[in-house]
Amino acid sequence: MTEKMSGGETLSMEKDELVHRAQDQMRRHLEAPDWSLREKVALTCHILFAQGHDSGLAGQITARAPAPGNYYTQRLGLGFDEISASNLLTVNEDLEVLSGDGMANPANRFHSWIYRARPDVRCIVHTHPLHISALSMLGRPLKVSHMDTCPLHGEVAFLEEWPGVPVGNGEGRLSPPHWGTNARHCSPTTAW
């Protein structure tokens, strides 16, 4: 337990100290549920659905499975609101279903390339939200200009042209080198 301050001591702290202090307080006071990775993927699907996103060719979520080269994804044909931990598929880099029923979205192919090129990437959420899709078609990089988007500052890569439906290997080869170390991506036809 940390010693309580009498007041005003934080007013002279540097930003890094304040961020560290806030993070420490969140770790102590905000308990994270102990969900499995499959449950987290399913919950992500439901949260996105509640915000107006849905699956199909233009909406995929994947997360690295424990075995190298494998990942979890939703079954093609199910909406984000229909996803559960029990109906997720486990697929390999060739999108062959290793466990579960149905087929993976063929547009997940570029996820395999990203996972190969970026061992630090644990999950990919790819959707086409209405407003971001409209902004991306302007063909200009997005600017972080509002407090709510500050976590994105310096994290969004911009790709001026996209070759089309991402079911080939060209889209996969194109994505990782362009990203660099950025965690997010926006192109004229897609955003994730």
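Our subject is the structure that appears above.
Residues numbered from 1 in each chain as written. Predicted model: local features only at pLDDT ≥ 70, side-chain atom pairs only at ≥ 80, totals over all residues. Heavy atoms only, no water.

**Focus: the overall build of the protein**
- Each helix and strand counted, the protein has five helices and eight strands in total.
- The order of helices and strands in the protein, counted from the N terminus, is α-α-β-β-β-β-α-β-α-β-α-β-β.
- For the protein, the proportion of its 192 residues judged to be buried stands at 32%.
- Sequence-distant contacts in the protein: of pairs separated by 6 or more residues, those separated by 24 or more amount to 57%.
- Accessible surface, the protein: about 12000 Å² in total, of which carbon and sulfur atoms supply 56%. (Helix = DSSP H or I, 4+ residues; strand = E, 2+ residues; numbered from the N terminus. Buried < 20%, exposed > 50% of the residue type's maximum accessible area, 1.4 Å probe, protein only. Contact = heavy atoms within 4.5 Å. Areas by Shrake-Rupley, 256 points an atom, 1.4 Å probe, with all protein chains shown as cover.)

**Comments concerning the packing of aromatic side chains**
- For the structure shown, the criterion picks out one aromatic pair.
- Judged by centre distance (5.2 Å) and plane angle (45 degrees), the ring pair of Y71 and Y115 falls under tilted. Of this pair, Y71 sits in strand β2 (residues 70–73) while Y115 sits in helix α3 (residues 109–117), and the two are 44 residues apart along the sequence.
- Residue classification places Y71 among the buried residues on the basis of a relative accessible area of 1%. (Phe/Tyr/Trp six-rings, centres within 6.5 Å; stacked < 30°, edge-to-face > 60°.)

**Section: the sheet that holds strand β3 (residues 89–92)**
- Pairing is antiparallel in the open sheet, where five strands are placed in the order β4-β3-β2-β1-β5. Looking along the sheet, the strands with just one partner apiece sit at the ends: β4 (97–99) and β5 (123–126). Averaged over all pairs of adjacent strands, the angle between their axes in this sheet comes to 30 degrees, without regard to strand direction.
- The pairing of strand β1 (residues 60–64) with β2 spans three bridges and is classified as antiparallel. Residue pairing in the sheet places T62 in a bridge with T73 of β2.
- On top of the sheet, helix α2 (residues 37–50) reaches β1, β2, β3 and β5; it is set at about 160 degrees to β1, its chief contact. (Pairing = 2+ DSSP bridges. Axes fitted to C-alpha atoms, helices over the stretch in contact; angles between N-to-C directions.)

**Points about the environment of S36**
- Structurally, S36 can be placed in the loop between α1 (15–29) and α2.
- Overall, S36 belongs to the partly exposed group, its relative accessible area being 34%.
- Distance in space between the C-alpha atoms of S36 and A85 is 8.6 Å, their sequence separation being 49 residues.

**Points about the pattern of salt bridges**
- According to the stated counting rule, one finds three salt bridges in the structure shown.
- Ionic pairing is found between D24 and R28, a salt bridge with its closest N-O pair at 2.5 Å. Placement of both D24 and R28 in helix α1 is noted, with a separation of four residues, approximately one turn of the helix.
- Note that R116 and E93 form a salt bridge whose closest N and O atoms lie 3.0 Å from each other. Of this pair, R116 sits in helix α3 while E93 sits in the loop between β3 and β4, and the two are 23 residues apart along the sequence.
- What makes R116 exposed here is its relative accessible area of 62%.
- For E93, a relative accessible area of 24% translates into the label partly exposed. (Salt bridge = Lys/Arg side-chain N within 4 Å of Asp/Glu carboxyl O.)

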